[in-house]
Structure formats: C-alpha cells, structure tokens
Number of protein chains: 2
Amino acid sequence: MCLVVVGSVAYDGVETPHGKVERMLGGACTYISLAASYFTPAKIVAVVGEDFAAEDVDLLASHGIDLEGLERVPGKTFFWAGVYSQDMNDRTTLRTDLNVFADFRPRLPDSYRSQPYLMLGNIQPALQRSVREQMNGLRFAGGDTMNYWIRDYRAELLETIREWDFLLINDSEARMLSGSPNLRHAAARILDMGPNTLVVKRGEYGAILFRREGHFMVPGYLLEEVFDPTGAGDSFAGGFIGYLAEQGFSPSKDGIPAEVLRRAVIYGSVMGSFCCERFGVDRFRTLTRAEIDARFQEFKRATEF
Amino acid sequence: MCLVVVGSVAYDGVETPHGKVERMLGGACTYISLAASYFTPAKIVAVVGEDFAAEDVDLLASHGIDLEGLERVPGKTFFWAGVYSQDMNDRTTLRTDLNVFADFRPRLPDSYRSQPYLMLGNIQPALQRSVREQMNGLRFAGGDTMNYWIRDYRAELLETIREWDFLLINDSEARMLSGSPNLRHAAARILDMGPNTLVVKRGEYGAILFRREGHFMVPGYLLEEVFDPTGAGDSFAGGFIGYLAEQGFSPSKDGIPAEVLRRAVIYGSVMGSFCCERFGVDRFRTLTRAEIDARFQEFKRATEF
C-alpha cells in the first residue's frame, strides 16, 4: 500500500573518520523514501531549488518513488554540512543553509490525499499537522521530530503528535519530550500524549518499540565498518513504515498485530545498518531486497535464545 | 557443579542520585558468588581484615557459599568509595584503601582444587594465573580484568588469559585490549588471544557473546529505577558462570552447546539487572530463583520476533 513521505530533500557535506564528501544527496525525505521503496510504493512531498541535479532525480525515480509532490522553485536546495567525531557518536554542524526549504509549505497533489500510510520527517510541527489534515483515508500516520521543536515549539508539537499513530525519536529526545530520564517512564508518558506506538532509536545500541501492552527491544546490528551514520535514523524510519505499508494492516488504531510491528522494527534496524555502510545514500544504489531479507535473518540468528 | 570464585571482598562507600551509603558489603568476589549461588554451590577465595562483620559472613553463608577459602588476617578490609554521575553512566573514585588486599596471595584449600568451574574476578593477572595453576580438574575457567591491567601489565595479562576458556570484559576494555575501535574486529582479535568465549558487557545497553562461529546480542533489561549500578558487572558474571556450572557441561573447550551459552548470557543480564535495583548487595537478601526465572522469561518476551 502506498506511503506518503514528507520532509527535506537536501545536499549534505559530510566528514567522517573515513573521508569527506563536499556535496551529496541527503535529507530526511530522501533517506526515508529510498529505504521505504524496497517495501512499498512511496510518494514524496518536498521542495528543491534550481540546482537539484538530474542524476539525483533519476536515483529517486529508479526506486519507483513518485515525484509529483517534489516541488522545484527558484533558489538553491537546502544545504547542510557537518563533521563526525572519531567514534561517530557525535557530530558538529558546520553549516545550515535552509535556502528554498525556509519557505516550504507542503501541498499534497490530489493523487496523494487518499493514501493510507504517512511518514512525516522532521520539519516544523505545524507543517506536519497541515499535511496530515490534507489527507482523508489514513490508516497509520506518524513521524519524527527533534530537540529544537521539543524545546522551543512544545505546545505546537504536542498538538501535532496528539493525532499520530506512531512517533519515532531517539533516546535523548524521548527523555526531553517526557521530562523523565528513565526510558520506561519516558515511554509511558509519551504514550499518553497520543501515539499508541513509540519507537525509540538508540543509534549503535539498537531500538525499543513501546506499546501499552509491553515493549520490544532490538540490539544494534554489529557493522564491520561504519562509514557514515548520516541518514541512519531516517533509513530506520523508512524500513519501519515501509514494511508496515507493505503488510497493509487495517485502519484501527490498534489493528496491527504485535509480531508485525516487531518485524517492522527489525526491518528498520536493517535499513539503518545498511545506510551506514557507505557515504550518504550510496548503499541504496546497489542494495537489493534479497540482501535486506538476509540481514533480517541474521538479526534473528544473533538474538534468539 | 561447584564453582570457585576468586577476587575482592570489600566494603564500599557509594553515592548515587538515589542516596548515599557510607559503608556496605561489596567487592567482585562477593557479587559474583552471591549471584552464582542461585544456580550452583560457590566456594570463595578472598581476604578480609579483623573488621569484617559477622552479619556479612552470615549473608554469604546463608547463600550456601563455602567460606573455607575466606582468609581473615590482621588489619582492615579493602575499602572503596565512589560517586556516580546523574545518569549513572560514569563514576568517580573517591577513595581506594587496599588494606589487607594489598598482600592478597590466593591459596586454595584442598577441597577447592579439583572443582570444575573457576571464575577469576578482577585482580592482578599473575595472581589469577597462580590460582588457575592450583586447580587440577577444570572444565571451564576464565575471568574478568580491567583497564589498569590491560595498560600497565599487558604481557602478564596476555600470558594469563591465553589459558582461559572465557573472558568477560566491558566494551571499552575490549577496545583497549584489542586495539580496535570496532567491536566485531576487537572480538576477533581477542578470540585469537586464547579464550574461545568472549562476553562483552555494555552496561545499560546489554551484552554480546562472541564465539568463532558467530555472536549473540542481548539488549539491557529496562529497569524502572536504577538505584546503584555497583556490582552489576560482577553479578552478570556470577549469573553467567553460575548457570553454566549448574548445567554442568563437559571439559572440552568447545563442549558447551550454543543455546546453553546464550541462556547463560541472559541469566547474566538478569542478575546484573536485579543488582541495580537496590544499594550494594541488598537485592540478594530477598531475591528468589522464581523471580530470576520470571525475568528470564520477560527477556524472552521482550526480544523474540
């Protein structure tokens, strides 16, 4: 079933201990939709400038991603640059040029409005809300956010996520949003804010799925080499929601079987791990569904007892 | 089957965000043997001073721990004091008084020498080695170490662990010992140093069991409240080796079925998690095997897919 993805399509400059790339395709919407495209047809809503390269359009199109909602406007594409620490657990932003993204007001093409699955990448909560309101047949909708919105747009954010079925954030964001340092308490409070499904991403340490009836923990995949963690969280989101859309479970808020949600978390982890193996989106140029399913099985072998 | 445990029996002064205890029973040998005692008879080798309290002897004895190897000598018992950071992921040592522990030369009672299982707590590698040499019917032997020995006693440590079946260390120690920042590479190098079983502890993030044929990952148990992490790593060790001793698998270096080792890692995680629920060894005053097995099942429910 079709998935609508909203968020940034950008160019990134990234430096990790393995090398430096001055400018490459990036952005939350890009990573989410590429990862999701292995499971389900994805339709994106985003904005780029006149400098957006034909080869980058081609990459998205080659994954069957619907680009009708990719607006192209005068000006330059969003640009972000950052450098990672030696262990790649921290990064410093060197530059953020919002460019055309500063005036992004997502408008959904008619063909998007009745789609059942929605993933809102990290943008201003009011914009995320406006997108959700433009849709009329949602089965499962939710998204991501970040410290900036949690701290400075709290009321707007709370109003937005109250309508969501799922929220995907990292552990420090979960602590900040809930006000509790303990993840178990933090999750209980967040599940009272609206979403009935919370996924807390913990970087190299894996992820935890929280629902009222219990939680599911998955350790991080042990990579031989982490080249570039940029986009890993968004790729996780793409794998998670992409797999759920593929399974096509029904509209009710609690209508997704627990085992399907668990598998979605594993597929999220799988996609996040592949993302780190090359710079930027490079791994998605060659990745196959067979490799994805093989790594899913590897997760099973490495965790069952 | 019987387990011999060697290491420190001490008094600790601990401050965490939940409170402060000026002086309480502690030490690696104490935590290991208490945790192991839920699975198998444990015999300890350690030294204490004249100040060692009768009630602490009684606690160990009430867990069926054989104290024949607990030497009591003139002077004071080893004392350590430390304070934990707000998130309890870091601690600062305030005081280390080795006292009678400075001259600890472990000598095994005759009744210990033919026992099949041996767990060497973190002491000087040469002393760990001398203990192993005093035993004559070992099926499975190994232990723990720390950054100090890895850095300043490297040759002595390598000579010691070469003879071990298993090594239990934390992730930063694994990186330091191997010289590799990547855990997968680090583990491969350590498995070349002698032990055929490596358990890497990752605190709240769980643990990984490495063997030549593959690895097994377990996430950390999500506690409602962490009161005091002191002794959690040693309690993990006690649960791990205690469960293996209970199962009583055979002498050959690779003679323990993979699923038994995996379960041992889960029992280690279970014991480490219980340890954090109260100050010092307090949780072991009331803990029952039924609670332990219930938490084992909880781990299963929270990780299977």
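Up top is the structure.
Presented here is an overview of the structure given in this document. (Residues numbered from 1 in each chain as written. Chains lettered and ligands numbered in written order. Predicted model: local features only at pLDDT ≥ 70, side-chain atom pairs only at ≥ 80, totals over all residues. Heavy atoms only, no water.)

### Considering the environment of Ser235(B)
Residue and element names in this part refer to chain B.
Right, so step 1: By secondary structure assignment, the location of Ser-235 is in helix α8 (residues 232-247).
Right, so step 2: Distance from Ser-235 to Gly-272, taken between C-alpha atoms, is 5.0 Å for residues 37 residues apart in sequence.
Right, so step 3: With residues up to four places along the chain from it excluded, the contact list for Ser-235 reads Tyr-31, Ala-35, Gly-268, Met-271, Gly-272, Cys-275 and Phe-284. (Helix = DSSP H or I, 4+ residues; strand = E, 2+ residues; numbered from the N terminus. Contact = heavy atoms within 4.5 Å.)

### What to know about the nonpolar core
Right, so step 1: Of all hydrophobic cores here, the largest spans 64 residues; its most connected members are Val9(A), Phe240(A), Leu244(A), Met271(A), Phe284(A) and Ile292(A).
Right, so step 2: Looking at which element gives the most residues to this core, the answer is helix α9 (residues 258-275) of chain A, with 10 residues.
Right, so step 3: Counting 63 residues, the second-largest nonpolar core is a separate cluster that includes Ala81(B), Tyr243(B), Ala245(B) and Val270(B). (Core = buried A, V, L, I, M, F, W, Y, C linked by side-chain atoms within 4.5 Å. Buried < 20%, exposed > 50% of the residue type's maximum accessible area, 1.4 Å probe, protein only.)

### What about the packing of helix α1 (residues 28-36) of chain A against helix α8 (residues 232-247) of chain A?
Residues and elements named next belong to chain A.
Right, so step 1: As a packed pair, α1 and α8 sit with axes 7 Å apart at the nearest point and diverge in direction by 40°. Looking at the two axes, α1 sits oblique to α8. Regarding α1 and α8, the two cross each other, and that crossing is right-handed. Mapping the contact onto sequence places Ala-28, Tyr-31, Ile-32, Ala-35 and Ala-36 in α1 and Asp-234, Ser-235, Ala-237, Gly-238, Gly-239 and Gly-242 in α8.
Right, so step 2: Grouping the amino acids of the contact of α1 with α8 by side-chain chemistry returns 6 nonpolar, 4 polar and 1 charged. (Axes fitted to C-alpha atoms, helices over the stretch in contact; angles between N-to-C directions. Parallel < 35°, antiparallel > 145°, perpendicular 65-115°, else oblique. Left-handed = near helix turned anticlockwise from the far one by under 90°. Nonpolar A, V, L, I, M, F, W, Y, C, P; charged D, E, K, R; others polar.)

### Thoughts on the sheet that holds strand β7 (residues 91-97) of chain B
The strands making up a sheet associate through backbone hydrogen bonding, with each pair oriented either parallel or antiparallel.
Residues and elements named next belong to chain B.
Right, so step 1: In spatial order, the strands read β3-β2-β6-β7; together these 4 strands make up an open sheet with mixed pairing. The outermost strands of the open sheet, each flanked by one partner alone, are β3 (19-26) and β7. With strand direction ignored, the average angle separating the axes of adjacent strands in the sheet is 15°.
Right, so step 2: In the sheet, strand β6 (residues 79-84) pairs with β7 via 6 bridges, with the strands oriented antiparallel. Note that in β7 the partner of Tyr-84 across the bridge is Arg-91. (Pairing = 2+ DSSP bridges.)

### Some remarks on helix α3 (residues 125-133) of chain A
Right, so step 1: Among all positions in α3(A), only Pro125(A), Leu127(A), Gln128(A) and Val131(A) are buried. Down the axis of α3(A), the buried side of the element spans an arc of 160°, and every buried residue falls inside it. (Arc of directions from axis to C-beta.)

### Describing the sheet that holds strand β1 (residues 3-6) of chain A
Residues and elements named next belong to chain A.
Right, so step 1: With mixed pairing, 9 strands are arranged side by side in an open sheet as β5-β4-β1-β8-β9-β10-β11-β12-β13. Each edge of the sheet is formed by a strand with only one pairing partner; in this case those strands are β5 (66-72) and β13 (214-218). Ignoring strand direction, the axes of neighbouring strands in this sheet form an average angle of 15°.
Right, so step 2: Bridge count between β1 and strand β4 (residues 42-48): 4 bridges; the pairing is parallel. Counterpart to Val-6 in the pairing with β4 is Val-45.

### Considerations on α8(B)
Residue and element names in this part refer to chain B.
Right, so step 1: Relative to the 22 Å expected for 16 residues at 1.5 Å per residue, α8 spans 23 Å between its end C-alpha atoms, a close match to the ideal helical length.
Right, so step 2: The element α8 is extensively covered by neighbouring structure, given that 13 of its 16 residues are classed as buried.
Right, so step 3: At the C-terminal side of α8, Gly-248 shows a positive phi close to 65°. (Expected span 1.5 Å × (residues − 1).)

### Comments concerning the relation of the copies chain B and chain A
Right, so step 1: Rotating chain B by 180° and translating it 0.0 Å along the rotation axis places it on chain A, where the RMSD comes to 0.0 Å. Viewed as a symmetry operation, the transformation between the two copies matches a two-fold axis. For chain B, the minimum C-alpha distance to the rotation axis belongs to Pro219(B) and amounts to 2.6 Å.
Right, so step 2: In this assembly, 100% of the residues forming the interface of chain B have copies in chain A that are likewise at the interface, indicating an isologous arrangement. (Least-squares fit on C-alpha atoms with pLDDT ≥ 70 in both.)

### Details of the pairing of strand β2 (residues 10-16) of chain B
All names here are of chain B.
Right, so step 1: A large share of β2 lies buried, amounting to 6 of its 7 residues.
Right, so step 2: Of the strand pairs in this sheet, β2 and β3 are connected by 6 bridges, and their pairing is antiparallel. Bridge pairing in β3 links Asp-12 to Met-24.
Right, so step 3: Count of turn residues in the β2/β3 antiparallel hairpin: 2 residues.
Right, so step 4: Across 5 bridges, the pairing between β2 and β6 is parallel. Bridge assignment links Asp-12 to a residue of β6, and that residue is Trp-80.

### Quick word on the interface of chain B and chain A
Right, so step 1: At the junction of the two partners, chain B supplies 32 residues and chain A supplies 32 residues.
Right, so step 2: Together chain B and chain A conceal approximately 3100 Å² of surface at their shared face, both sides included; 54% is due to carbon and sulfur atoms.
Right, so step 3: Of all residues in chain B, Met217(B), Leu222(B) and Phe305(B) give up the largest surface area on contact with chain A, accounting jointly for 29% of the area buried on that side.
Right, so step 4: The interface formed by chain B and chain A includes 6 salt bridges.
Right, so step 5: Across the contact surface, chain B and chain A share 16 residue pairs in polar contact (both at pLDDT 80 or more). (Buried area = accessible area lost by both parts, 1.4 Å probe. Salt bridge = Lys/Arg side-chain N within 4 Å of Asp/Glu carboxyl O. Polar contact = N/O pair within 3.5 Å; in protein donor to acceptor, adjacent residues only side chain to side chain.)

### Here we look at the packing of aromatic side chains
Residue and element names in this part refer to chain B.
Right, so step 1: Under the defined criterion, the tally for this structure stands at 37 aromatic pairs over all chains.
Right, so step 2: Ring plane angle 15° and centroid distance 5.0 Å describe the contact between Phe-78 and Phe-101, whose orientation is recorded as stacked. One end of the pair, Phe-78, is in the loop between β5 (66-72) and β6; the other, Phe-101, is in the loop between β7 and β8 (117-120), with 23 residues separating them in the sequence. As far as burial versus exposure is concerned, Phe-78 and Phe-101 are alike and both buried.
Right, so step 3: Arranged with centres 4.6 Å apart and planes meeting at 25°, the rings of Tyr-267 and Phe-296 form a pair that is stacked. (Phe/Tyr/Trp six-rings, centres within 6.5 Å; stacked < 30°, edge-to-face > 60°.)

### Regarding the pattern of salt bridges
Right, so step 1: Summed over all chains, the structure comprises 41 salt bridges over all chains.
Right, so step 2: One salt-bridge network, held together by shared partners, links Glu277(A), Arg283(A), Glu291(A) and Arg295(A).

### Quick look at the packing of α8(B) against helix α9 (residues 258-275) of chain B
Residue and element names in this part refer to chain B.
Right, so step 1: At their nearest, the axes of α8 and α9 sit 7 Å apart, and the two run at 140° to each other. Crossing hand, α8 versus α9: right-handed. Packed against α8, whose contacting residues are Ala-232, Ser-235, Phe-236, Gly-239, Phe-240, Tyr-243, Leu-244 and Gln-247, the element α9 presents Val-260, Leu-261, Arg-263, Ala-264, Val-265, Tyr-267, Gly-268, Ser-269, Met-271, Gly-272 and Cys-275 at the interface.
Right, so step 2: Grouping the constituent residues of the contact of α8 with α9 by class yields 12 nonpolar, 6 polar and 1 charged.

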